[in-house]
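Summary of the model geometry
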Amino acid sequence: MNWFNTNAAHNLINVLILLLTGLVGFDWTLFGIDAALALKITGVLALLKILINVVRDGVAGLVRNQPAVEGN
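Residues numbered from 1 in each chain as written. Predicted model: local features only at pLDDT ≥ 70, side-chain atom pairs only at ≥ 80, totals over all residues. Heavy atoms only, no water.

**Here we look at helix H2 (residues 35-57)**
In this model, H2 (23 residues) spans 33 Å end to end at C-alpha, consistent with the 33 Å of a helix rising 1.5 Å per residue. All of the buried residues in H2 are Ala-38, Thr-42, Leu-45, Ile-52 and Asn-53. Residues of H2 that are buried sit in contact with helix H1 (6-22). Looking one or two residues beyond H2, the residue adopting positive phi is Gly-58, at roughly 85 degrees. (Helix = DSSP H or I, 4+ residues; strand = E, 2+ residues; numbered from the N terminus. Expected span 1.5 Å × (residues − 1). Buried < 20%, exposed > 50% of the residue type's maximum accessible area, 1.4 Å probe, protein only. Contact = heavy atoms within 4.5 Å.)

See below:
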């Protein structure tokens, strides 16, 4: 799976966070998810993104200037 890398993981996590927090009017209780649980899941997903960055780039990578994205 060459297409699935840390950037793809970040994008997937962003979509999951958007679904949980962006659909404010959606009734998540149909799926057994109340507001507090949705907030906890969102917090864990955000923490997961930070941990991915630390493992990939080290703690110093969190504050380092990022290189420009190169296109094909």
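So, next bit.
**Examining the side chain of His-10**
Along the polypeptide, His-10 turns up in helix H1. Residue classification places His-10 among the buried residues on the basis of a relative accessible area of 11%. Not counting chain neighbours up to four residues away, the residues in contact with His-10 comprise Lys-49, Ile-52 and Asn-53.

**Focus on the UniProt feature "transmembrane region" (unreviewed entry) in the protein chain**
As annotated in UniProt, the feature "transmembrane region" (unreviewed entry) corresponds to residues 12-31 and 37-55 in the numbering used here. Its end C-alpha atoms 27 Å apart, residues 37-55 is made of 100% helix and 0% strand. (UniProt positions renumbered as here; feature names shortened; annotations may be inferred.)

**Structural notes on the environment of Asn-14**
Here Asn-14 lies in helix H1. Classification of Asn-14 by relative accessible area gives partly exposed; the value is 36%. Engagement of the side chain of Asn-14 in a polar contact is seen with the side chain of Lys-49, the distance being 2.4 Å. (Polar contact = N/O pair within 3.5 Å; in protein donor to acceptor, adjacent residues only side chain to side chain.)

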